[in-house]
Amino acid sequence: MAAAARWRLVWGVALACAASLASFGLLFLSGWLLAGAAVAGLAGQVSARAFNIILPSTGVRFFAMVRILARYMERVVAHDGALRLTGQLRAWVYERLIPLAPAGLVELQGGDMLGRFVSDTDKVAAYYTDVALPFARAALCGVVFVGVFACFLPLAALVLALGLLGGALVPCLSGAAMDRLVRRGAEKQSQIQAELAETLQNLGEYLLLDAACSRAKGWQTQQSAVDHARWMLDALEGAARGLVTILTFVTALAVLVLAAHAHQMGQLSVAEIPMLVLGVLAAFEVVTPLPLARQAAAEARLASMRLQMACAPHGAAEVVQPHALPHAPYDLVMRDVSFAYPKTVSPVLQHASLSIRQGEHVGLVGPSGVGKSSLINLLFGFYAPCGGSITFGGVDVRLLRAEDMAAFVAVVAQDFHLFAGTLRDNLLLGAPSATDADVAEVLEVAQLTRFVQSLPKGLQTWVGNDGLRLSGGQARRVAVAQALLRRTPWLVLDEPTEGLDAPLEQALMAALTWWAAGTTIVCMTHRTAVLPFMHRVVRVEDARFCPEGRAT
Amino acid sequence: MVAASTRPRGTDMTRELVRIARGWLLGSVVAGGVSAVLLVCQFVLLAHVVDNVAFHAQAPHTQGRAFILILICLAGQVGARFASDMMGTRAGLRVASHVRGQLLAHLFAAGPVACADVAAGDIVTTFTEGAAALVPYFARYLPSAAMMVVLPLLILAVVAGVDGWSFLVLACTGPLVPVFMVFVGYGAQAIMDRRWRQLSLLGGSFLDALRGLKTLRLLGRAQGSLERITQLADAHRRTTLSVMKVAFLTSAALEFFSSLSIALVAVVFGTRLLAGTADFRSAFLVLLLAPEYFMPLRTFSASYHARQNAQAACRAWIRFWVLPTLARSYSGQPMQGVIGGVQCRALCVCRPDGMSVLHDVTCDFAANRLTVLTGASGAGKTTLLHALLGFIPVSVGTLEASNVSGHPIQLDGVRMAWVPQRPVMVFGTVADNLRLGAPDADEEQLRHAAAQADALGFIDALPNGFETHIGERGSRLSGGQVRRLALARALLRNPDVLVLDEPTAGLDAASALRVSNAICRCVPGRIVVVATHEQVMAARADVLLHVADGTVVVQPVRAESVA
């Protein structure tokens, strides 16, 4: 794949050069054809008849065809290469993000921040078509143009070389300023984003304090700074473009003067004067896109910086080598554990101890936000505890990788995700080898049989992003079924009955505890109706686990 | 607020936005036109000079005046082009800034409950990136659409004056380009529509995998999905390319016609020059102008996706503009008289998604009394507070205020204050946080409010007193101190109604006692409503309201707290 992409990139540049050279040839030859024909026409009938117009007009048509074909093929091949690059970059980024999830992704989670992340990846991959290709084309074609000119008039070639070099230098010189402007704009922008998000979160308070509008005014000022940076960037690019245009015509006039002198000295025929002038205009076509390309480079550079920052290791728990595997009985023992999420003040757990034996059904209760869910994060090593020890199956969880832990513990997290795909794909995601009978069994337990039967396409129904919209309760039960299908010794359910009415809640819990009687179940909930199905209840209070004894 | 119902939708919106930046857009188009005229002049002069030098054996130094004129035209053309671009950018930025202002105003008018229903990230990205997507549309697309008419017509007119045949060639090929582009464009669109699901699925697959990365890790399938990412990216490439191959035909059509017309002009003119029926100057001029004839079309088609992005952005705005606005305003006129009470009569409140939360609530909140709301979480305490504060519209029933003599007064004029469970603490000093709601408060007022809220002691004990930095989100203060600071801030505005949500949750017994004492001290002269789970607070109540199953029951107050 990598080699295929590399060849496409090279081919893209080659075709781009071919298109530009054909374009140059078209104008160059047309200029000569017109002037030559005019000279011959003026010289009278004989010389007009002697003038071979067939050859140059065939040449003109040839260049025109080559230009059309080469440009089309360039687009296809270059975009193919760029898309291949995108694929590779995505895989690279994804591979680095896996060990960081979810701790390292918290800052990316908000709304469409992940979307920006994806567009950053695309922007970096577009570096090839938007930046590398125009610059490579300018360099390669420039050499050819100068070479062609040198065949006719070395001095004109020198002037053209200087002109092209100047045209290429303009965007390069303005590049540093562009980089700065892009970076400054992005920094201010993310600052505004952060403040806006914070204000929206506390909108009620800001409104009642009558402070919302003054904050909005503050952003407008900051935003105008961002706008100013944007404006400056456009101005810089526009000025660079204008400068290149001026350079084009100044070079053309200079070449005209040189050509006229050479003609007077007898070094150049009449027809070659307009040809060289047109040649200059055609040659500068490869330099004109460079200011825009330089601006794209500034943006791609920022995007790649952001990507690298996002892919850098964060505060996730690091697995100590060597790995170990838990062994039966799979008991969980937490001793004296303290934990706080990074960048927060209040600790979630403080010297908390808890032990859960294999086969127990334990309800974990407490108001929302007290950190019931942090148990999952600690167990899978997504976050490291500040103190204390956690062992699972006789092994310290720091020695366990999340991937190994997944073989023993099935989790229905509160923020579970249904992927774009069929219902069946999603169910089988954690247990690819499950049979249809297994699926039917867990659907029955999750009280989904009737719902699935009611769907026209059954298990082949499309869910996820732009698929069927499942209600919160339905989606959660799909996640429960998905977890059950994995038949792990442990089952951790975070609010499994949220969004269900009372009878359904009862039915689900009854079926679940009967079906998974031998399985350890940890059920985090704030719904009291769930608790009678548990062997014992533990309350999370004041950052500690307080046993409440047997549930009634 | 009235504007919400008359807010235009979809593509109409861009049309309305044009009006805002009309001056700049007009300037941009005019400057573009000037630049086009100067460009044509410049080519005419260049053709003139080349003809003179090559065919009339005039030495270049005799052409000094023409050279200077060319340079003047060049400078003018480049300058006008630059001015046109800059005015276009100004227009775009102005529209973006206007839309941002409108969005914020609307969100503030919609209130916190409606906004909480939309993901904050969505709003933030729409506010910044969505608005930014409008800029290229106004800065590039619209001016280039205008230039697409101006420059080709101008060139056509000049060519018509110079040579009939070339005029015919250009006049015939020119209109064919848009026709073919539309033709191919529709073809590409048809393929896109047919493969829409596949394209959007594959296009979104990376985002989908990133969103579900935690789920995949919990399933132990993250490494396996890496392979899938590669496969999907490859499938995405193939599908996208199949659409692109057709879409690129539009630019190929453009390329075809522009190359064809250059070749035609060259070949046709060549034979005529040979026959002596045309002069070189017009031939050279037409050859110079022919590529420029197609240039605006190329710029236009390059900025075409700016239009799509802008329309997508507009669709995103509309999602926020349909949020209903609240009837109450929070920076209104001062109240008429001293507050006596707020009465709820047969109140029903529904969540934004239509689910009923409170029904048939009838209760009084009286001044000089501490009203405490209790009830299980999710029973509707917070919703009742929101209704009282005006954050959520009342669907049935009435919510009215009266002064001490029992006469009804406008709820709009009643000053409300709210101390939520996690009060907002801005980055800055203690004084900055206190002055958030009262920017003009002097030191004396700050001390008074802090003393009332039992915050003066700890503030004075801080290293720099009121000028101490409290860190990110008040991280240098304890939970109890943050609550008392927020209470002081609320008192600084001297509210008629003071609403507190779980003021003692998560505090140790000593802090909880201090906070509840401070709250009790605020009761005289105003309505104080506290929602709580905790006995500490409930024991101090003058009126105890129990919220259960979406309705409110008045409960007897314990004897010891009355005493």
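Basis of the calculations
Residues numbered from 1 in each chain as written. Chains lettered and ligands numbered in written order. Predicted model: local features only at pLDDT ≥ 70, side-chain atom pairs only at ≥ 80, totals over all residues. Heavy atoms only, no water. Patch = residues over 30% accessible without salt bridge, like charges linked within 9 Å, V, L, I, M, F, W, Y side chains within 5 Å. Areas by Shrake-Rupley, 256 points an atom, 1.4 Å probe, with all protein chains shown as cover. Salt bridge = Lys/Arg side-chain N within 4 Å of Asp/Glu carboxyl O. Helix = DSSP H or I, 4+ residues; strand = E, 2+ residues; numbered from the N terminus. Buried < 20%, exposed > 50% of the residue type's maximum accessible area, 1.4 Å probe, protein only. Contact = heavy atoms within 4.5 Å. Buried area = accessible area lost by both parts, 1.4 Å probe. Polar contact = N/O pair within 3.5 Å; in protein donor to acceptor, adjacent residues only side chain to side chain. Nonpolar A, V, L, I, M, F, W, Y, C, P; charged D, E, K, R; others polar. Core = buried A, V, L, I, M, F, W, Y, C linked by side-chain atoms within 4.5 Å. Expected span 1.5 Å × (residues − 1). Bend = angle between axes of the 7 residues up to and from the residue. pLDDT = per-residue confidence, 0-100. Lys, Arg positive; Asp, Glu negative; His and termini not counted. Charge placed at Lys NZ, Arg CZ, Asp CG, Glu CD. Pairing = 2+ DSSP bridges. Axes fitted to C-alpha atoms, helices over the stretch in contact; angles between N-to-C directions. 1 Å grid on protein atoms, 1.4 Å probe; cavity = no way out; pocket = protein on both sides within 12 Å on 5 of 7 lines; lining within 4 Å. Points joined across faces, edges and corners; volume = space filled by probe spheres on them. Parallel < 35°, antiparallel > 145°, perpendicular 65-115°, else oblique. Phe/Tyr/Trp six-rings, centres within 6.5 Å; stacked < 30°, edge-to-face > 60°. Lys NZ or Arg CZ within 6 Å of the ring centre and 35° of its normal.

Peer 1: In this structure, what is going on with a nonpolar patch on the surface? I would like to understand it.
Peer 2: Residues and elements named next belong to chain A. On the surface, a nonpolar cluster with roughly 390 Å² of combined accessible area is contributed by Trp7, Val10 and Trp11. Position of Val10 relative to the elements: it lies in helix H1 (residues 2-42). Take Val10: its relative accessible area is 46%, and that puts it in the partly exposed class.

Peer 1: Got a minute to help me understand the side chain of Ser261 of chain B in this structure?
Peer 2: Turning to its location among the elements, Ser261 of chain B is positioned in helix H9 (residues 222-275). What Ser261 of chain B contacts, discounting residues up to four positions off in sequence, is Val169, Leu170, Thr173 and Phe294 of chain B.

Peer 1: Would you mind going over the interface of chain A and chain B with me for this structure?
Peer 2: Contacts between the two partners involve 128 residues from chain A, matched on the other side by 120 residues from chain B. Roughly 11300 Å² is buried in total at the junction of chain A and chain B, and carbon and sulfur atoms are behind 72% of that figure. Linking Arg71 of chain A and Glu255 of chain B is a salt bridge whose minimum nitrogen-to-oxygen distance equals 3.3 Å. Viewed at the interface, chain B and chain A are joined by 20 residue pairs in polar contact (both at pLDDT 80 or more). A per-element tally of the side of chain A that touches chain B places helix H9 (residues 212-264) of chain A first, with 25 residues. Of the residues belonging to the side of chain A that touches chain B, the class tally is 79 nonpolar, 26 polar and 23 charged.

Peer 1: What's the story with the nonpolar core in this structure? I'm lost.
Peer 2: One broad trend across soluble globular proteins is that nonpolar side chains are buried collectively. Ranked by size, the top nonpolar core spans 106 residues in total, and within it Phe149, Leu256 and Leu276 of chain A together with Phe43 and Leu46 of chain B carry the most contacts. Top contributing element to this core by residue count: H1 of chain A, with 14 residues. Residues in contact with Phe43 of chain B, not counting those within four places in the same chain, are Phe249 and Leu281 of chain A together with Leu285, Leu288, Leu289 and Glu292 of chain B. In terms of nonpolar packing, the next biggest core, distinct from the first, is built from 53 residues, Leu196 and Leu209 of chain A together with Leu25 and Cys115 of chain B among them.

Peer 1: Would you mind going over helix H10 (residues 280-302) of chain B with me for this structure?
Peer 2: Look at H10 of chain B: 34 Å from first C-alpha to last across 23 residues, which is about the 33 Å you get at 1.5 Å a residue. Of all bends in H10 of chain B, the biggest is about 30 degrees, found at Met295 of chain B, and the proline Pro296 of chain B comes one to four residues later.

Peer 1: Which parts of the structure should I look at to understand the confidence of the model for chain A?
Peer 2: Fine structural detail should not be taken from predicted coordinates in areas where pLDDT scores are low. Summarising the model, chain A shows a mean pLDDT of 86, and 92% of its residues fall at 70 or more. Element-level pLDDT for chain A is lowest in helix H4 (residues 106-109) of chain A, with a mean of 58, against a maximum mean of 94 in helix H6 (residues 127-152) of chain A.

Peer 1: Would you mind showing me how to read a negative patch on the surface here?
Peer 2: Residues and elements named next belong to chain B. Side chains of Asp432, Asp442, Glu443, Glu444 and Glu467 sit close together on the surface and give a patch of like negative charge. Checked against the element boundaries, Glu444 lands in helix H14 (residues 443-452). According to the relative accessible area criterion, Glu444 is exposed, its value standing at 55%.

Peer 1: Sorry, what's going on with the pattern of salt bridges here?
Peer 2: Two side chains with opposite charge may pair up if their charged atoms get near one another. Scanning the entire structure with this criterion turns up 32 salt bridges over all chains. Taking the shortest distance from any N to any O, the salt bridge between Asp438 of chain A and Arg487 of chain A comes out at 3.8 Å. Remark: Arg487 of chain A occurs in the loop between helix H17 (472-484) and strand S9 (490-494) and Asp438 of chain A occurs in helix H15 (residues 436-445); sequence separation between them is 49 residues. The class for Asp438 of chain A is partly exposed, based on a relative accessible area of 21%. Across the pair Arg484 of chain B and Asp454 of chain B runs a salt bridge whose closest N-O atoms are separated by 3.9 Å. Of this pair, Arg484 of chain B sits in helix H16 (residues 479-492) while Asp454 of chain B sits in the loop between H14 and helix H15 (456-461), and the two are 30 residues apart along the sequence. In this structure, Arg484 of chain B and Asp454 of chain B share a single accessibility class: buried. A single salt-bridge network, built from bridges that share partners, covers Arg8, Asp80 and Arg84 of chain A together with Asp234, Arg237 and Arg238 of chain B.

Peer 1: For this particular structure, what's the right way to read the side chain of Thr121 of chain A?
Peer 2: Here Thr121 of chain A is to be found in helix H5 (residues 113-125). A relative accessible area of 0% places Thr121 of chain A in the buried class. Look past the residues within four positions of Thr121 of chain A in its chain and what remains in contact with it is Leu89, Arg90, Val93 and Leu307 of chain A together with Phe206 of chain B.

Peer 1: What is the right way to look at the sheet that holds strand S2 (residues 356-366) of chain B in this model?
Peer 2: Each strand in a sheet pairs with its neighbour through backbone hydrogen bonds, running either in the same direction (parallel) or in the opposite one (antiparallel). All names here are of chain B. Reading across the sheet, the four strands line up as S2-S1-S4-S5 and stay open at both edges, with antiparallel pairing between neighbours. In this open sheet, the two strands that pair with only one neighbour each are S2 and strand S5 (408-409). Pairing analysis gives two bridges linking strand S4 (residues 396-403) to S5, with the strands arranged antiparallel. By the bridge assignment for S5, Ser402 is matched with Pro408. Contacts from helix H12 (residues 381-389) reach strand S1 (339-350), S2 and S4, with the element oriented near 65 degrees to S2.

Peer 1: When you look at empty space enclosed by the protein in this model, what are you seeing that I'm missing?
Peer 2: A probe matching the size of a water molecule, rolled over the atoms, marks out where space remains unfilled. In total, this model carries two cavities of 30 Å³ or more according to the counting rule given. Taken as a whole, the largest cavity holds about 60 Å³ of empty space. When residues of the lining of the largest cavity are traced back to their parent elements, those giving at least two are strand S6 (409-412) and H17 of chain A together with helix H8 (213-218) of chain B. Considering only residue class, the lining of the largest cavity consists of seven nonpolar, two polar and no charged.

Peer 1: Where do I start with unusual backbone geometry in this structure?
Peer 2: Residues apart from glycine generally show negative phi values, whereas peptide bonds are mostly found in trans. With an omega of -5 degrees, the peptide bond between Ala328 of chain A and Pro329 of chain A qualifies as cis. Not every positive phi belongs to a glycine, and Asn494 of chain B is a case in point at roughly 45 degrees. Locating Asn494 of chain B in the fold gives a position in the loop between H16 and strand S7 (497-501). You can call Asn494 of chain B partly exposed: its relative accessible area is 42%.

Peer 1: What is the right way to read the environment of Met181 of chain B from this model?
Peer 2: Residue and element names in this part refer to chain B. As for its position among the elements, Met181 is in helix H6 (residues 164-194). Look at Met181 and you get buried, because its relative accessible area is 15%. For the pair formed by Met181 and Ala252, sequence separation is 71 residues and the distance between their alpha carbons is 9.2 Å. Discounting chain neighbours no more than four positions away, the residues touching Met181 are Thr250, Leu254 and Ser301.

Peer 1: Looking at this structure, how should I read the packing of H6 of chain B against H9 of chain B?
Peer 2: The axes of two packed helices give the description: the angle between them and the distance between them. Residue and element names in this part refer to chain B. At a minimum axis separation of 8 Å, H6 and H9 run at an interaxial angle of 170 degrees. Classified by the angle between their axes, H6 and H9 sit roughly antiparallel to one another. Residues belonging to the contact of H6 with H9 are distributed by class as follows: 21 nonpolar, six polar and one charged.

Peer 1: Quick question: what am I supposed to make of the sheet that holds strand S4 (residues 387-392) of chain A here?
Peer 2: All names here are of chain A. Across the sheet, which stays open at both edges, the four strands sit in the order S2-S1-S4-S5 with antiparallel pairing between neighbours. Of all strands in the sheet, those with a lone pairing partner are strand S2 (349-356) and strand S5 (395-396), marking the two edges. Pairing of strand S1 (residues 332-339) with S4, which is carried by five bridges, proceeds in the antiparallel orientation. Each residue of the ladder has a partner; that of Val333, found in S4, is Thr391.

Peer 1: Sorry, what's going on with the packing of aromatic side chains here?
Peer 2: By convention here, two paired aromatic rings are described through the distance between centres and the angle between planes. Applying the stated criterion to the full structure yields 21 aromatic pairs over all chains. Centroid distance Tyr137 of chain B to Phe138 of chain B: 5.0 Å. Interplanar angle 90 degrees. Geometry classified as edge-to-face. Residue Tyr137 of chain B shares its accessibility class with Phe138 of chain B, and that shared class is buried. Joined through ring pairs, the aromatic side chains of Phe24, Phe28, Phe145, Phe149 and Phe152 of chain A make up one cluster. A cation over an aromatic ring shows up here: Arg100 of chain B above the ring of Phe127 of chain B, its NZ or CZ 5.9 Å from the ring centre. The lysine or arginine in question, Arg272 of chain B, covers the ring of Phe269 of chain B, its NZ or CZ lying 4.9 Å from the ring centre.

Peer 1: I tried to follow the confidence of the model for chain B on my own but got confused; where do I start?
Peer 2: Residues and elements named next belong to chain B. On average, chain B scores 83 in pLDDT, and the residues at 70 or more come to 93%. When pLDDT is averaged over each helix and strand of chain B, the minimum, 38, is found for helix H1 (residues 3-6) and the maximum, 93, for helix H3 (residues 22-55). Confidence drops under a pLDDT of 50 for residues 1-9, and excluding neighbours within four residues, the segment shows ten contacts in the predicted structure. Here residues 559-563 is a poorly scored stretch, pLDDT under 50, and it has four contacts once near neighbours within four places are set aside; other chains count.

Peer 1: What's the story with the environment of Asp80 of chain A in this structure? I'm lost.
Peer 2: Among the secondary structure elements, Asp80 of chain A is positioned in helix H3 (residues 54-97). Asp80 of chain A has contacts with Arg8 of chain A together with Arg237 and Leu241 of chain B, leaving out every residue within four places of it along the chain.

Peer 1: When you look at the pairing of S9 of chain A in this model, what are you seeing that I'm missing?
Peer 2: Each regular strand carries side chains that alternate between the two faces of the sheet. Residue and element names in this part refer to chain A. For S9, a buried count of five out of five residues is recorded, marking the element as mostly surrounded by other parts of the structure. Side chains Trp490, Val492 and Asp494 of S9 all project onto a buried face; the interleaved residues Leu491 and Leu493 project onto the opposite face, where all are buried too. As defined by bridge partners, S6 adjoins S9 across four bridges and the pair is classed as parallel. Paired with Ala410 across the bridge in S9 is Leu491. When S9 meets strand S10 (residues 520-525), the two strands line up parallel, connected through five bridges. Directly across from Asp494, in S10, lies its bridge partner Met524.

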